[in-house]
Amino acid sequence: MELGVLYSGGKDSTLAALLLEEFYDVTLVTGHFGISDDWKHARETAAAMGFAFDRLELDPDVAREAAARIREDGFPRNGIQQVHRHALERLAEREYDAIADGTRRDDRVPTVSRAQAQSLEDRHEVDYIAPLSGFGRTAVDRLVDARLEVTVGPSEEIDRADYEAELRAIIADEYGPGVVDELFPDHTQTYVTGVRREKE
């Protein structure tokens, strides 16, 4: 069975792919708005992990709407949630038997409610799977530490292919770089660089 994992190159979506590869033919799929070429970071990680990779073109109008919403709200949660829903919809339109993402039990954003998952499945005749939905951050970190090589750093400095990078670029362009710092709280991001080699 074919499965597409919505993929950022970070630890959560990488771990989700690893958990699912025993049961599905997994393709890592990175959504992007064509604002930057950050999607290439995810392609590099997919290659390092030995997974097939594909790009998913998203609607730039959704990115602009999300950026405006972030500016209006004064925080990124609702805008990122809007983009994630759009990306899942686009992924569900592809020819996969199942789709997945790396959302965890304790994620504040993005999240997928039970009703949203059921709606995706019913409307697109596809299985939606969130393999990390029973995992908290500590459990995920332990598994990642045991299995993956990961770069960790401030969000604005880490190479990655998530929605936030392109949303930051739109906001910086439309409202000025200083506004980005006001709207996005300081937090760390991860970027997977490969599989951790077992000690001999």
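As the structure is a prediction and not an experimental result, all values here were calculated from the model. (Residues numbered from 1 in each chain as written. Predicted model: local features only at pLDDT ≥ 70, side-chain atom pairs only at ≥ 80, totals over all residues. Heavy atoms only, no water.)

**Considering the sheet that holds strand β1 (residues 2–6)**
Point 1. Here we have 5 strands laid out as an open sheet, ordered β3-β2-β1-β4-β5, and parallel in their pairing. Of all the strands in the sheet, just β3 (52–57) and β5 (127–129) have a single pairing partner and so form its edges. On average, each strand axis in the sheet is tilted by 30 degrees relative to the strand beside it, whichever way the strands run.
Point 2. Relative to β5, strand β4 (residues 98–100) is paired through 3 bridges, and the arrangement is parallel. Its bridge partner lying in β5, Ala-98 is registered against Asp-127.
Point 3. The sheet strands contacting helix α1 (residues 11–20) are β1, β2 (25–32), β4 and β5, and the helix crosses β1 at an angle near 165 degrees. (Pairing = 2+ DSSP bridges. Helix = DSSP H or I, 4+ residues; strand = E, 2+ residues; numbered from the N terminus. Axes fitted to C-alpha atoms, helices over the stretch in contact; angles between N-to-C directions. Contact = heavy atoms within 4.5 Å.)

**Quick look at the packing of helix α4 (residues 77–92) against helix α5 (residues 114–124)**
Point 1. Two elements in contact, α4 and α5, have axes whose closest approach is 10 Å; the angle formed by their N-to-C orientations is 25 degrees. Judged by the angle between their axes, α4 and α5 are roughly parallel. Considering only the axes of α4 and α5, their crossing is right-handed. Contact residues: α4 offers Gln-81, Arg-85, Leu-88, Glu-89 and Ala-92, while α5 offers Gln-116, Leu-120, Arg-123 and His-124.
Point 2. A class-by-class count of the residues in the contact of α4 with α5 yields 3 nonpolar, 3 polar and 3 charged. (Parallel < 35°, antiparallel > 145°, perpendicular 65-115°, else oblique. Left-handed = near helix turned anticlockwise from the far one by under 90°. Nonpolar A, V, L, I, M, F, W, Y, C, P; charged D, E, K, R; others polar.)

**A short note on the nonpolar core**
Point 1. Ranked by size, the top nonpolar core spans 31 residues in total, and within it Ile-99, Tyr-163, Leu-167 and Ile-171 carry the most contacts.
Point 2. Put simply, the parts of the chain that give this core at least two residues each are α3 (60–73), α4, α5, α7 (163–175) and α8 (177–183).
Point 3. Counting residues per element, this core draws most heavily on α4, which supplies 6 residues.
Point 4. Here Ile-99 is in contact with Leu-3, Gly-4, Leu-88, Leu-91, Ala-92, Leu-120, Val-126, Asp-127, Tyr-128 and Ile-129, once residues within four sequence places are set aside.
Point 5. Of all hydrophobic cores here, the second largest spans 24 residues; its members include Leu-3, Val-5, Ala-17 and Ala-98. (Core = buried A, V, L, I, M, F, W, Y, C linked by side-chain atoms within 4.5 Å. Buried < 20%, exposed > 50% of the residue type's maximum accessible area, 1.4 Å probe, protein only.)

**Points about the pairing of β1**
Point 1. Counting buried positions over the 5 residues of β1 gives 4, a clear majority of the element.
Point 2. Sheet topology note: the β1/β2 ladder contains 5 bridges and is parallel. The residue of β2 that forms the bridge with Glu-2 is Asp-25.
Point 3. Two elements, β1 and β4, share 3 bridges in a ladder whose sense is parallel. By the bridge assignment, Val-5 is partnered in β4 with Ala-100.

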